[in-house]
Amino acid sequence: MRTFLTFSVVLILTACSPSTKLVSSWSESGHEPHKFQKLMVMAVFPNMETRAAAENAMVDALIAKGVRAMVTYDAFPLAGNAKDLMEMARDSAQMEELKQGFREKVKRKGADGLMIISVFDVEKTKEYHQGGPTLVVGAPTYGYYSSGYGTAAAPFGQPTYYDYYGYNVAALHSQGHYTTSATYYLQNNLFDVNSEQLVYAGQTKTVDYKSLQKEAALLSDLMVNDLHEKKVLAFREDVAKK
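Below, the structure is looked at part by part. (Residues numbered from 1 in each chain as written. Predicted model: local features only at pLDDT ≥ 70, side-chain atom pairs only at ≥ 80, totals over all residues. Heavy atoms only, no water.)

**Brief notes about the pairing of strand β8 (residues 197-207)**
- Where burial is concerned, most of β8 is hidden: 8 out of the 11 residues are buried.
- As paired elements, strand β1 (residues 20-27) and β8 share 7 bridges and run antiparallel to each other. Its bridge partner being in β8, Ser-25 is matched across the sheet by Gly-202.
- Here strand β7 (residues 182-192) runs beside β8; their pairing, made up of 10 bridges, is antiparallel. What sits directly across from Asn-189, in β8, is Ala-201.
- Between β7 and β8, which follow one another and run antiparallel, lie 4 residues, and Glu-196 among them has a positive phi close to 60°. (Buried < 20%, exposed > 50% of the residue type's maximum accessible area, 1.4 Å probe, protein only. Helix = DSSP H or I, 4+ residues; strand = E, 2+ residues; numbered from the N terminus. Pairing = 2+ DSSP bridges.)

**Here's the deal with helix α4 (residues 92-108)**
- Look at α4: 24 Å from first C-alpha to last across 17 residues, which is about the 24 Å you get at 1.5 Å a residue.
- Phi for Gly-110, located one or two positions after α4, is positive at around 80°. (Expected span 1.5 Å × (residues − 1).)

**Here we look at the packing of aromatic side chains**
- Enumeration according to the criterion identifies 2 aromatic pairs in this entry.
- Arranged with centres 6.0 Å apart and planes meeting at 45°, the rings of Phe-120 and Tyr-185 form a pair that is tilted. Here the residue Phe-120 occupies a position in strand β4 (residues 113-124), and Tyr-185 occupies one in strand β7, the gap between them amounting to 65 residues.
- By relative accessible area, which is 4% here, Phe-120 ends up buried.
- A cation sits over an aromatic face here: Lys-105 above Phe-76, 4.6 Å from the ring centre. (Phe/Tyr/Trp six-rings, centres within 6.5 Å; stacked < 30°, edge-to-face > 60°. Lys NZ or Arg CZ within 6 Å of the ring centre and 35° of its normal.)

**Some details on the pattern of salt bridges**
- In this structure the tally under the stated criterion is 5 salt bridges.
- In this structure, the salt-bridge partner of Glu-55 is Arg-51, at a minimum N-O distance of 2.7 Å. Separated by 4 residues within a single helix, Glu-55 and Arg-51 lie in helix α2 (residues 48-64), roughly one turn from each other.
- A relative accessible area of 0% means that Glu-55 is categorised as buried.
- A relative accessible area of 1% means that Arg-51 is categorised as buried.
- Notably, a salt bridge pairs Lys-107 with Glu-196, separated by 3.6 Å at the nearest N-O pair. Of the two residues, Lys-107 is situated in helix α4 and Glu-196 in the loop between β7 and β8; the sequence distance between them amounts to 89 residues.
- For Glu-196, a relative accessible area of 10% puts it in the buried group.
- Through salt bridges with shared partners, a single ionic network connects Arg-103, Lys-107 and Glu-196. (Salt bridge = Lys/Arg side-chain N within 4 Å of Asp/Glu carboxyl O.)

Put into C-alpha cells, the structure is as follows:
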C-alpha cells in the first residue's frame, strides 16, 4: 500500500509540475528600469495562431503591470512568414534591405522598445504533420549563448534588434508541426530601440505542452516576473512606491 501511495504521489506531482520553466536570463547592469512609452512584442513564429497567442499573452501580462505594450502581428504580418521571407534571406542584398526596412518601420510606429520571442532549439521524437498550431523551429538561433550571461562579451556581440530579426527570418522552417515528445527552448530578447541595444535576454524550456493558450500565458508570466525581479522594466507598483 505504501509503495502504491508513493507512486501515486509521484504521478500527481509530475502531472501538476509546470511544463514551461525559466532556464536562464541576462540583463544589462547599471541602468534604471526602462520606462518604454511603446513596447512592441513580436513572436517570430510562422504559424499565425501560435504567434497571436504568444503576443497577446505577453502584451496582456505587461499591460497588467502598467507597461505600454502592443502586439505586432497586425502591423508586421510577414514577420513569421517563412515561405516569402526565406526567399529574401537567400540574397544578402535583399536581406540587408529587409533589415533596414524593418528598422525604419519600427521607428515609424513610434516604438522605443521591442521584444522578440523566438525558438532557438528543440529536442524531439520526430513525427511530422503538415500545418497546425505549433511552435515551428529553425536552425540553432543566431546569438545562442549557453554560458555568456553577464560576461563582458555577452550577449553575442551586441547585435541590433534588426540584425536579430533578420537572422530569425532566415532560420524559419515550413509551417508544420511535430507530435510525440518534444522539448522547446524559447528565447526572449528585449531591445531598446533608440540605442538599438539588447537590455534583457531570457531562455525558457517547454516540455510537451498541451494547451497553446495556457502555455503562452505561463510563458508570459515567467518572463514578466523575471523582468520585474531584475528591474529591467518600470512596473506600475514600483513607480507608485516612489
